[in-house]
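# Residue-level structure breakdown
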Amino acid sequence: MKIIAFGAHPDDIEIGVGGVLKKYVDSGNEVLSVIVTIPNNREIRWKEAEKAANILGAEILIMDLESKDIVFSRNLVKEFDSIVNDFKPDIVFTHWNHDSHQDHVGVSNSVIAATRKNECCLYMYEQTVPGGIVPYGFRTQMFVDISNVIDKKIESTLAHESQVKGNIKKWVDGIKGRALYRGSQINVECAEAFEVVRDIKKI
């Protein structure tokens, strides 16, 4: 299968869906991480993003758009259309559309529009940790056991050294804590959770 994960910034994908991507890679699937913008420290964060993708075994595409262009618009949907049409994914992951970060929301809504032909599954991953508080509740509709790859998820996140510097314990505790909580809900050690936009079964 072919899987795309969209993230507004470097580190979003690893935090939100890094465990699942690693499991797909380990099972022999083709995984593409798409990073839309690098808002600061461009050269450093570019290299960190490549290192993180390498830890997961994923291909990486850095679109390198300007932050001001990360809004739900015809232009951004057109950019995503091109990626989706060229890669032809079976599964797409994106941000939650009620995330507290405006860039994440812009990416999510644009990905939903870019997959409007309903030819692939579409799932939204949880809000980035650490993240803001919003007046909505994430509706977990799908769980994936990531117990055997939680260490790789954390390692890939910590590859973003410029972001975690000075707060490594906070990042690890937040990411591992949420994974443990989601795991406890389905009686495994660690899990990632998703809202389902579209789940297509080809039986």
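Rules behind the numbers
- Residues numbered from 1 in each chain as written.
- Predicted model: local features only at pLDDT ≥ 70, side-chain atom pairs only at ≥ 80, totals over all residues.
- Heavy atoms only, no water.
- Buried < 20%, exposed > 50% of the residue type's maximum accessible area, 1.4 Å probe, protein only.
- Helix = DSSP H or I, 4+ residues; strand = E, 2+ residues; numbered from the N terminus.
- Pairing = 2+ DSSP bridges.
- Right-handed = clockwise from strand over helix to strand, strands pointing away.
- Core = buried A, V, L, I, M, F, W, Y, C linked by side-chain atoms within 4.5 Å.
- Contact = heavy atoms within 4.5 Å.
- Axes fitted to C-alpha atoms, helices over the stretch in contact; angles between N-to-C directions.
- Parallel < 35°, antiparallel > 145°, perpendicular 65-115°, else oblique.
- Nonpolar A, V, L, I, M, F, W, Y, C, P; charged D, E, K, R; others polar.

## A word on the pairing of strand 1 (residues 2-7)
- Of all six residues in strand 1, five are buried, a share of seventy percent or more.
- Across six bridges, the pairing between strand 1 and strand 2 (residues 30-37) is parallel. Across the sheet, residue Lys-2 finds its bridge partner in strand 2, namely Glu-30.
- Crossover connection from strand 1 via helix 1 (residues 12-26) to parallel strand 2: handedness right-handed.
- The sheet contact formed by strand 1 and strand 4 (residues 91-94) spans three bridges and is parallel. Across the sheet, residue Ile-4 finds its bridge partner in strand 4, namely Val-92.

## A closer look at the nonpolar core
- Grouped together as the largest cluster of nonpolar side chains are 33 residues, with contacts concentrated most on Val-17, Val-20, Leu-21, Phe-93, Ile-146 and Phe-194.
- Elements with a contribution of two residues or more to this core: strand 1, helix 1, strand 2, strand 4, strand 5 (121-125), strand 6 (142-145), helix 5 (150-158) and helix 7 (168-185).
- Of the residues forming this core, the biggest block, seven residues, is contributed by helix 1.
- Residues within four places of Leu-21 in sequence aside, it is in contact with Ile-3, Ala-5, Ile-13, Val-31, Ser-33 and Phe-93.
- Core analysis: the second largest hydrophobic core is formed by 20 residues, Leu-32, Leu-76, Phe-87 and Val-92 among them.

## Some details on the sheet that holds strand 1
- The seven strands are arranged 3-2-1-4-5-7-6 in an open sheet whose pairing can be described as mixed. One side of each edge strand has no neighbouring strand; the edge strands of this open sheet are strand 3 (59-65) and strand 6. Each strand of the sheet is rotated relative to its neighbour by a mean of 25°, with strand direction disregarded.
- Where strand 6 meets strand 7 (residues 191-198), four bridges bridge the pair, whose relative direction is antiparallel. Bridge assignment links Phe-143 to a residue of strand 7, and that residue is Ala-193.
- Helix 7 contacts strand 6 and strand 7 of the sheet and is inclined by roughly 75° relative to strand 7.

## What to know about the packing of helix 1 against helix 2 (residues 42-56)
- Their axes nearest at 9 Å, the elements helix 1 and helix 2 cross at an angle of 40°. With respect to helix 2, the axis of helix 1 lies oblique. Of helix 2, the residues touching helix 1 (which contributes Glu-14, Gly-18, Lys-22 and Val-25) are Ala-52, Ala-53, Ile-55 and Leu-56.
- A per-class count over the contact of helix 1 with helix 2 returns five nonpolar, one polar and two charged.

## Section: unusual backbone geometry
- Positive phi outside glycine occurs at Asp-11, with the angle close to 95°.
- Among the secondary structure elements, Asp-11 is positioned in the loop between strand 1 and helix 1.
- On the accessibility criterion, Asp-11 (6% relative accessible area) is buried.
- For Asn-187, which is not glycine, the phi dihedral falls at a positive 65°.
- Secondary-structure assignment places Asn-187 in the loop between helix 7 and strand 7.

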